[in-house]
Amino acid sequence: MAARLRLSKELKEISRDKDASLVLAPRDDNLFTWTCALTGPSDTPYAGGRFHLLLRVPDTYPLAAPTVTFRTRIFHPNVHFKTGEVCLDILKTQWSPAWTLQSVCRAVAALMAHAEPDSPLNCDAGNLLRAGDVRGYNSIARMYTVECATE
Amino acid sequence: MSPMSMPPSLTKLRAVPCRYFLSAGGCTKGHACPFSHEFTISRGASSDASNSNVCRFFLQGTCAYGSKCRYDHVRPKRLPAVAAPCAPQQQNQQPPTKSQTPSTAPASTPVPPPPRENPWASRAANAAAAAPPTLTTAAAPSMFDNGDEEGDDDAVLRRERALAISEGVECGICLERVLAKDVLSERRFGILTGCSHPFCLMCIRGWRGTTDRPGADIDGAVRACPLCRAPSHFVVPSTVWFADEEDKDAIIQRYVSRLNNIDCRHFNQGAGTCPFGTSCFYRHRYADGTLEETSLRKYGNADGEVNIVQPVRLAEFLSRSHIL
């Protein structure tokens, strides 16, 4: 009940200020499943790509964090290559009920720009960055962006 | 919880007003409470909302909880003349009630607290006639009314200002205006001691209760402000938001001193052990009236950490012993 109220409040807030680089909407009028289309941040290998996220909101939201998964394939140290699972501290231990779905999506966009190779879900990407092979990482990430995230 | 989904025995309780929901601490069950959280019903039961925190059994002189009672054991001071004859009668009854047989009890029919004007409303009208009347003054139970002494004009102005500020304050968790929430019992602020971010009492208590979440960072996230992560050790319920630090300290002081007049049920007059020890807000008083002495035994270990030794009772060993 509290979750529904809060989500409809967030929906109202989102429809007030539209942002083309972050399109967030509930899927099939179900307030507990949201989709987000995220534009890859500039100056990253993901620039220009359109990444789709799926946000599943638990009944206890906002006391529990939503689960965020990438529906678009992405080569990133903190995103599982096959399942699209995201490893982000604010979605796990550092969650706070003051976060909104919109700010969570912004945090994911920030994660794309600033990867954390020390806690990788995609070990290949993490190892490339940890070995200092930025050029190799950039070219693979760019390839998958062009391949999978360009419409 | 909707009445439809409840067993029939619980639907009957819907008609009974919840005792806690108008008290300063609020009803911790919120929507899950089987009792009524309708303000209209409660107003019928107790003629004045600000009286609802006064123990009605104390007014009859028969409160079985004595100093452990969660309600205020104070007699309304500003009684109208009509109620005056009741007062001596109550006082005479108080000492012999325990020896009296129950058959004499119905003779003293429960006298509901006489309706009295809200002192704040009338004083505010005299002092500052220009101030617009606020609904919350009459509707919400007030922490400010719990004090025994009459407030002076400065306090009235202060309260008016606090109410005006409180009107627009939004909770950082449910994002709603706290004083505009549908359920009256939820129109309460939870003040954090560590910072000045506003939350409603239900939201912040709910968040701080999520310690069983797997992987929860209890000290870094759960026990901290959701907005600024400043740690706070406790939440203070309040019906108004504060204007400045001075007001905040006054609200916290009032809350702590109120709790300090209630006997701790864990300590249980020396028979039990309070898990909060010397940090407990409730009163640790022995049966003979002496207060517990707060002497902490500390020890330092090889790493230089200082720990506090929990007091050990002989009774605990005896109750565990197989010989007895």
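Residues numbered from 1 in each chain as written. Chains lettered and ligands numbered in written order. Predicted model: local features only at pLDDT ≥ 70, side-chain atom pairs only at ≥ 80, totals over all residues. Heavy atoms only, no water.

> Is there a simple way to explain the overall build of chain A in this structure?
Helix and strand content of chain A: 4 helices and 4 strands. Overall, chain A shows an N-to-C arrangement of helices and strands of α-β-β-β-β-α-α-α. A burial count over chain A gives 45% of its 151 residues as buried. When the accessible area of chain A is evaluated, it comes to approximately 7,600 Å², of which 53% is carbon and sulfur surface. (Helix = DSSP H or I, 4+ residues; strand = E, 2+ residues; numbered from the N terminus. Buried < 20%, exposed > 50% of the residue type's maximum accessible area, 1.4 Å probe, protein only. Areas by Shrake-Rupley, 256 points an atom, 1.4 Å probe, with all protein chains shown as cover.)

> Sorry, what's going on with the overall build of chain B here?
In terms of regular secondary structure, chain B is built from 11 helices and 4 strands. The long-range fraction of contacts in chain B, counting pairs at least 24 apart against all pairs at least 6 apart in sequence, stands at 53%. Within the structure as shown, chain B displays about 18,900 Å² of accessible surface, and the carbon and sulfur contribution to it stands at 57%. (Contact = heavy atoms within 4.5 Å.)

> Help me out: how do you make sense of the pairing of strand 4 (residues 67–70) of chain A in this one?
Within a regular strand, side chains alternate between the sheet's two faces. Residue and element names in this part refer to chain A. Only one face of strand 4 is covered, namely the one carrying Val68 and Phe70; the face carrying Thr67 and Thr69 has none of its residues buried. Taken together, the 4 bridges between strand 3 (residues 50–56) and strand 4 define a ladder with antiparallel strand orientation. Each residue of the ladder has a partner; that of Leu55, found in strand 4, is Val68. (Pairing = 2+ DSSP bridges.)

> I keep staring at the UniProt feature "domain: C3H1-type" (unreviewed entry) in chain B and nothing clicks. Help me out?
Cross-referencing UniProt, the feature "domain: C3H1-type" (unreviewed entry) maps to residues 12–40, 49–76 and 258–287 of chain B in the present numbering. This span, residues 258–287 of chain B, is 7% helix and 0% strand, and a straight line between its end C-alpha atoms measures 20 Å. (UniProt positions renumbered as here; feature names shortened; annotations may be inferred.)

> Honestly, the state of the cysteines in this entry has me stumped. Any pointers?
One way to say it: the disulfide is the covalent bond shared by the sulfur atoms of two cysteines. As enumerated under the stated definition, the model contains 0 disulfides over all chains in all. Summary of cysteine pairing: Cys200 of chain B is not part of a disulfide, and the nearest cysteine sulfur, belonging to Cys203 of chain B, is at 3.3 Å. (Disulfide = S-S within 2.5 Å.)

> Please explain the interface of chain A and chain B as it appears in this structure.
A common way to report how large an interface is uses the accessible area buried once the components associate. Of the residues lining the interface, 15 residues belong to chain A; the matching set on chain B comes to 16 residues. For the chain A face of the interface with chain B, the top three residues by lost area are Lys9, Leu63 and Gln94 of chain A, together amounting to 35%. Applying the counting rule to chain A against chain B returns 0 salt bridges. Linking chain A to chain B there are 3 residue pairs in polar contact (both at pLDDT 80 or more). When grouped by side-chain class, the residues that make up the side of chain A that touches chain B number 7 nonpolar, 4 polar and 4 charged. (Buried area = accessible area lost by both parts, 1.4 Å probe. Salt bridge = Lys/Arg side-chain N within 4 Å of Asp/Glu carboxyl O. Polar contact = N/O pair within 3.5 Å; in protein donor to acceptor, adjacent residues only side chain to side chain. Nonpolar A, V, L, I, M, F, W, Y, C, P; charged D, E, K, R; others polar.)

> So what exactly am I meant to see when it comes to the environment of Asn122 of chain A here?
All names here are of chain A. Mapped onto the elements, Asn122 comes out in the loop between helix 2 (101–113) and helix 3 (123–130). A relative accessible area of 5% places Asn122 in the buried class. Taking the C-alpha atoms as reference points, Asn122 and Asn78, separated by 44 residues in sequence, lie 6.2 Å from one another. With residues up to four places along the chain from it excluded, the contact list for Asn122 reads Phe75, His76, Pro77, Val79 and Phe81.

> What is the right way to look at the nonpolar core in this model?
One broad rule of soluble globular proteins: the nonpolar side chains tend to lie buried together. Residues and elements named next belong to chain A. Core analysis: the largest hydrophobic core is formed by 71 residues, its most contacted members being Leu24, Trp34, Leu38, Leu53, Leu55 and Phe70. If you tally residues by element for this core, the top one is helix 2, at 8 residues. Sequence-distant contacts of Leu38, defined by excluding residues within four places in its chain, comprise Ser21, Leu22, Gly49, Arg50, Phe51, Leu53, Cys105, Val108, Ala109 and Met112. (Core = buried A, V, L, I, M, F, W, Y, C linked by side-chain atoms within 4.5 Å.)

> What's the story with the UniProt feature "active site" (unreviewed entry) in chain A in this structure? I'm lost.
Residue and element names in this part refer to chain A. Mapped onto this numbering, the UniProt entry gives "active site" (unreviewed entry) at Cys87. For Cys87, the position within the fold is in the loop between strand 4 and helix 2. Owing to a relative accessible area of 26%, Cys87 belongs among the partly exposed residues under this scheme. In this structure, Cys87 is in contact with Asn78, Lys92, Leu111, Ser119 and Leu121, ignoring residues within four places of it in sequence.

> Looking at this structure, I do not really get the packing of aromatic side chains. What am I missing?
Each aromatic ring pair is described using two quantities: the centre-to-centre distance and the angle formed by the ring planes. Residues and elements named next belong to chain A. Tallied over the entire structure, the rule returns 11 aromatic pairs over all chains. With centroids separated by 6.2 Å and ring planes inclined at 40°, the aromatic side chains of Tyr61 and Trp95 adopt a geometry described as tilted. In this pair, Tyr61 is assigned in the loop between strand 3 and strand 4 and Trp95 in the loop between strand 4 and helix 2, connecting sequence segments 34 residues apart. Residue classification places Trp95 among the buried residues on the basis of a relative accessible area of 0%. For the ring pair Phe81 and Tyr144, a centre distance of 5.1 Å and an interplane angle of 75° mean the geometry is edge-to-face. Of the two residues, Phe81 sits in the loop between strand 4 and helix 2 while Tyr144 sits in helix 4 (residues 134–148), which places them 63 residues apart along the sequence. For Phe81, a relative accessible area of 23% puts it in the partly exposed group. In this structure Tyr144 comes out as partly exposed when scored by relative accessible area, which is 21%. In this structure an aromatic cluster arises from ring pairing among Phe75, Phe81, Tyr137 and Tyr144. (Phe/Tyr/Trp six-rings, centres within 6.5 Å; stacked < 30°, edge-to-face > 60°.)

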